[in-house]
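Close look at the chain arrangement
In case you want the letters, here they are:
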Amino acid sequence: MLRRFAAICILLAGLGPAGALAQSMGGPLDTGLTDSPILVIDFDRVFAQSAFGQRLEDTLESEGSAIAAENRRIEAELIEEERRLTDQRPTMPPAEFRNLADAFDEKVQRLRSEQDAKARALSARQDEARRRFLSLAEPAIEQLMRETGAVMILERRAVFVAADAVDATDRAIALLDQVVGDGGSDVLPDLPEGAVPDAEPADDRIPEAPATAD
C-alpha cells in the first residue's frame, strides 16, 4: 500500500510542472508549509483522520461487529442444540442418534463455511476501501502540489528523516475533506461477484463441529 501511494505521488509529479502552475497563479499559496519542492504525508493519519477515512472505518467496523455478533449467536444456538441432542442419546436407538448427529455435524460445517465466507468478504472490502480511498485522494494530493509548488510528495514512513515543516499531512486532510467530504451515500460499494478471495477465515468464527456423533 505504501509503495502504491509513493508511486501515485511520483506519478502526480509527472502530470505537469506543478511549480510552473503555481507561478502562473501568482506563486505558491500560503499553506503554512516551508518552501520545499518535496513534501511528506503520513497516509495512515490521512486515512484515520479525514472524514471519508473515518466513515470507511466506521462502516467496516460496524460490518465486522455484526459478523462477530452473529457468530456468537450461532455458536450459542449450536451449543444448546448439541446439549439437547446429547440428553436424548440414552433414549434413542444408536442408528437414529447417529443420523441426527451426522445431520448436526453437517449443519455446523455449513454454518461455519457461511460465516467464514462473510469474514473473507469483509477482509476484501477492507482492501477495496483502501484502494478506493487512494483513488479519491489523488485530486486532493494534486491540488496540494499546485498550492505549494512541490514537485514530489512522499509517504512519511518511506523517508528516513524529515523536518516537520515539510509534513503536509494536516493540509492533505483538510483538502481531502474539502474535495471528497465523507464519500456521500456510496461510501463503499459492494464487491463485484467473484472478488472475494479464498483465504483463511478470521479468528472470530464458529468453532469446529463438536464431537456429538461419538
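No experiment lies behind these values; they were computed from the predicted model shown.

**Some words on the overall build of the protein**
For the protein, the count of helices and strands is 6 helices and 2 strands. Out of the 214 residues in the protein, the part that is buried amounts to 34%. Pairs at least 24 apart in sequence give 90% of the contacts found in the protein among residues at least 6 apart. Here the protein displays about 12,200 Å² of accessible surface, and carbon together with sulfur accounts for 51% of that area.

**Observations concerning helix α4 (residues 51–88)**
Under the 1.5 Å per step criterion, the end-to-end length of α4 is 56 Å for 38 residues, consistent within 8% with the ideal 56 Å. The set of residues buried in α4 consists of Phe52, Gly53, Leu56, Leu60, Ile67, Ala68, Asn71, Ile74, Leu78 and Leu85. Looking at the buried side of α4, the elements it contacts are α3 (43–49), α5 (94–148) and α6 (169–179).

**Things to note about the pairing of strand β2 (residues 152–155)**
In regular strands, side chains alternate between the two faces of the sheet. Here β2 shows one buried face, formed by Ile153 and Glu155, and one open face, formed by Met152 and Leu154. Taken together, the 4 bridges between strand β1 (residues 38–41) and β2 define a ladder with parallel strand orientation. By the bridge assignment, Leu39 is partnered in β2 with Ile153.

**Description of the packing of aromatic side chains**
A complete count under the given rule lists 3 aromatic pairs for this structure. Ring centres 5.9 Å apart and planes at 5° place the aromatic pair Phe52 and Phe133 in the stacked group. Taken together, the positions of Phe52 in helix α4 and Phe133 in helix α5 put the pair 81 residues apart, joining distant regions of the chain. Phe133 gets classed as buried once you look at its relative accessible area, which sits at 0%.

**Points about the nonpolar core**
Among the nonpolar cores identified, the biggest contains 27 residues, and Ile41, Val46, Phe133, Leu144 and Ile153 are the most heavily contacted of them. Listing elements by their share of this core, those giving two or more residues are β1, α3, α4, α5 and α6. If one sorts the elements of this core by residue count, α5 sits on top with 9 residues. Once residues within four sequence positions are removed from consideration, Val46 is found in contact with Ile41, Phe133, Thr169, Ala172, Ile173 and Leu176. Grouped together as the second largest cluster of nonpolar side chains are 9 residues, Ile74, Leu78, Leu85 and Met92 included.

Quick notes on the rules
Residues numbered from 1 in each chain as written. Predicted model: local features only at pLDDT ≥ 70, side-chain atom pairs only at ≥ 80, totals over all residues. Heavy atoms only, no water. Helix = DSSP H or I, 4+ residues; strand = E, 2+ residues; numbered from the N terminus. Buried < 20%, exposed > 50% of the residue type's maximum accessible area, 1.4 Å probe, protein only. Contact = heavy atoms within 4.5 Å. Areas by Shrake-Rupley, 256 points an atom, 1.4 Å probe, with all protein chains shown as cover. Expected span 1.5 Å × (residues − 1). Pairing = 2+ DSSP bridges. Phe/Tyr/Trp six-rings, centres within 6.5 Å; stacked < 30°, edge-to-face > 60°. Core = buried A, V, L, I, M, F, W, Y, C linked by side-chain atoms within 4.5 Å.

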